[in-house]
Amino acid sequence: MKNSYLDIKDEVAKALKDGQPVIALESTIISHGMPYPENVETALKVEQIARDAGVIPATIAIIGGRLKAGLSAEEIEYFGKKGTAIHKASRRDLPYLVSGGLDGATTVASTMIIAGMAGIPIFATGGIGGVHRGAENSFDISADLQELAQTNVAVVCAGAKSILDLGLTLEYLETHGIPVLGYKTEELPAFYTQKSGFKVDFAMESPGQIASLLKAKWDMNLKGGAVIANPIPDEYSMDPDEINTVIEQALNDMDKEGIKGKESTPYLLARIAELSGGNSLHSNVELVFNNVRLASRISREYCS
Ligand code: PSU
Ligand code: MN
């Protein structure tokens, strides 16, 4: 059932055919989520971490209008160097980019779509999009949430940044039947910090328990994904007051500059990195590594 718009890298296709574990990785985090060259270093190291855990990585993107499940190191370098000059591609952008033969960096939503097409059920990233603060006026709710409602791919993340309204994000996830699992935690982590003041739906004690839950969900034909929230390791977590001050400042700056829509999240990510110096970037990189380690273990359990 190969999709005629989809190119699956050979080693990824082989692993999938042999029932070996594969994890999906996104490309917006490379082009829009981190500065060059740290973005490329991180993306390459992430792939190595998966391999060291016995899992084949499939970084997902759109190149020349082709949907790609699995990139070469050169392609990752290309996405990292071009940065925000590459289209940020969510669900609504896919037909335009594919029919136009263009490049696109895939968000959580579009990475899930392409991973789903390729048959990769587990995906690791940093943070997901959600309901933005002030969404009651702006209506800004990330398409990531709708995708989690309809595409059968589980996303391992470090929770969500408090650039979002985490309470409303959880309500939205509940409405759409998306389980929020905490790995060894009762509390939803807030990306840079282990705690947010909000509870996850279910605390999970092991990768095997998570894999069983996913299998049960999909065996019952309950469509959609799951959020697997994995707290940043203590040694890399930031001081909550420090990071929250920075986030407030970034939100104020965004309002002042009148930035909206798809530019909003990339602007905030870049502004937070700028305002907090190298601190937040270092934490960001480490939490992604941590998520890839967990996703690799879940993927192995899921395949066994
Ligand atoms: N949040 C982060 N880092 C990111 C993103 C979100 O902490 O890199 C990226 C992801 O690609 C996510 C996208 O899918 O931003 C969400 O954008 P929007 O809010 O425009 O849907
Ligand atoms: Mn948005």
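Up top is the structure.
To keep things clear, this report deals only with the structure shown in the data block. (Residues numbered from 1 in each chain as written. Chains lettered and ligands numbered in written order. Predicted model: local features only at pLDDT ≥ 70, side-chain atom pairs only at ≥ 80, totals over all residues. Heavy atoms only, no water.)

### Brief notes about the environment of Gly225
On the secondary structure map, Gly225 appears in the loop between α10 (207-219) and β11 (226-229). When its relative accessible area of 0% is taken as the criterion, Gly225 is described as buried. Spatially, the C-alpha atoms of Gly225 and Val155 are 7.2 Å apart, while their sequence positions differ by 70 residues. Sequence-distant contacts of Gly225, defined by excluding residues within four places in its chain, comprise Leu148, Thr151, Val153, Ile178, Pro179 and Lys217. (Helix = DSSP H or I, 4+ residues; strand = E, 2+ residues; numbered from the N terminus. Buried < 20%, exposed > 50% of the residue type's maximum accessible area, 1.4 Å probe, protein only. Contact = heavy atoms within 4.5 Å.)

### Things to note about the site of ligand 1
Near ligand 1 there are 15 residues, and of these Glu26, Lys88, Ser142, Lys161 and Thr265 occur at the shortest range. In this structure, an oxygen atom belonging to ligand 1 sits 2.7 Å away from a side-chain N or O atom of Glu26. Here an oxygen atom of ligand 1 and a side-chain polar atom of Ser142 are 2.7 Å apart. Summarising the interface, the protein chains cover 93% of the accessible area of ligand 1, which totals 470 Å² for the free molecule. Only α2 (28-31) and α12 (264-275) provide two or more residues apiece to the shell around ligand 1. Tallied by class, the residues present in the shell around ligand 1 amount to 4 nonpolar, 7 polar and 4 charged. (Near = heavy atom within 4 Å. Polar contact = N/O pair within 3.5 Å; in protein donor to acceptor, adjacent residues only side chain to side chain. Areas by Shrake-Rupley, 256 points an atom, 1.4 Å probe, with all protein chains shown as cover. Nonpolar A, V, L, I, M, F, W, Y, C, P; charged D, E, K, R; others polar.)

### Concerning the packing of helix α11 (residues 240-257) against α12
A pair of packed helices is characterised by two quantities: the angle between their axes and the separation of those axes. The geometry of α11 relative to α12 is characterised by a closest axis approach of 9 Å and an angle of 130° between their N-to-C directions. Put simply, α11 runs oblique to α12. Crossing geometry of α11 relative to α12 is assigned as right-handed. In contact with Ile243, Val246, Ile247, Gln249, Ala250, Leu251, Asp253, Met254 and Glu257 of α11, α12 contributes Ser264, Tyr267, Leu268, Arg271, Ile272 and Leu275. (Axes fitted to C-alpha atoms, helices over the stretch in contact; angles between N-to-C directions. Parallel < 35°, antiparallel > 145°, perpendicular 65-115°, else oblique. Left-handed = near helix turned anticlockwise from the far one by under 90°.)

### A short note on the environment of Ile30
Within the secondary structure layout, Ile30 lies in helix α2. Residue classification places Ile30 among the buried residues on the basis of a relative accessible area of 3%. Residues Ile30 and Lys82 lie 52 residues apart in sequence; the distance between their C-alpha atoms is 9.8 Å. If we ignore the near neighbours within four places in the chain, the residues touching Ile30 are Asn39, Ala43, Thr59, Ile76, Phe79 and Gly80.

### Description of the pairing of strand β9 (residues 180-183)
Burial of β9 is two-sided: the residues Val180 and Gly182 facing one way and the residues Leu181 and Tyr183 facing the other way are all buried. Summarising the sheet, β9 and β11 pair through 3 bridges and their orientation is parallel. Opposite Leu181, over in β11, you have Ile228 as the bridge partner. Taken together, the 3 bridges between β9 and strand β10 (residues 202-204) define a ladder with parallel strand orientation. Bridging from a neighbouring strand, Tyr183 pairs with Met204 of β10. (Pairing = 2+ DSSP bridges.)

### Some remarks on the pairing of strand β3 (residues 56-63)
Burial within β3 is extensive, with 7 of its 8 residues counted as buried. In the sheet, strand β2 (residues 22-25) pairs with β3 via 4 bridges, with the strands oriented parallel. Bridge assignment links Ala24 to a residue of β3, and that residue is Ala58. Counting the residues in the hairpin turn of β3 and strand β4 (residues 66-69) gives 2 residues, including Gly64, whose phi is positive at 55°.

### So, the packing of helix α8 (residues 143-150) against helix α9 (residues 166-175)
The N-to-C vectors of α8 and α9 enclose an angle of 25°; their axes lie 9 Å apart at closest approach. Here α9 runs roughly parallel to α8, going by the angle between their axes. Relative to α9, the crossing made by α8 is right-handed. Between α8 and α9, the residues in contact are Leu145, Gln146 and Leu148 and Thr169, Tyr172 and Leu173, respectively. Residues that form the contact of α8 with α9 fall into these classes: 4 nonpolar, 2 polar and no charged.

### Focus: the nonpolar core
What tends to happen in soluble globular proteins is that the nonpolar side chains get buried as a cluster. Within the largest apolar cluster, 99 residues are counted, with the highest numbers of intra-cluster contacts made by Ile23, Leu148, Leu214, Ile228, Val292 and Ile298. Per-element tally for this core: the top contributor is helix α13 (residues 278-303), with 9 residues. (Core = buried A, V, L, I, M, F, W, Y, C linked by side-chain atoms within 4.5 Å.)

### Structural notes on the side chain of His32
You can see His32 is positioned in the loop between α2 and α3 (38-52). At a separation of 2.7 Å, a polar atom in the side chain of His32 contacts the side chain of Ser31. Polar contacts involving the side chain of His32 include one to the main-chain carbonyl oxygen of Ile86, which spans 3.3 Å.

### Comments concerning the packing of aromatic side chains
Taken as a whole and judged by the stated rule, the model has 3 aromatic pairs. Pairing Phe191 with Tyr192 gives two aromatic rings, centres 4.9 Å apart and planes at 85°, and the pair type is edge-to-face. Residue Phe191 shares its accessibility class with Tyr192, and that shared class is buried. Summarising the aromatic geometry, the rings of Trp218 and Tyr302 are spaced 6.0 Å apart at their centres and angled 80° between planes, so their arrangement reads as edge-to-face. In this pair, Trp218 is assigned in helix α10 and Tyr302 in helix α13, connecting sequence segments 84 residues apart. For Trp218, a relative accessible area of 12% translates into the label buried. Here the basic side chain of Lys161 rests over the ring of Phe191, its NZ or CZ set 3.6 Å away from the ring centre. (Phe/Tyr/Trp six-rings, centres within 6.5 Å; stacked < 30°, edge-to-face > 60°. Lys NZ or Arg CZ within 6 Å of the ring centre and 35° of its normal.)

None of this, on its own, says anything about what the molecule does.
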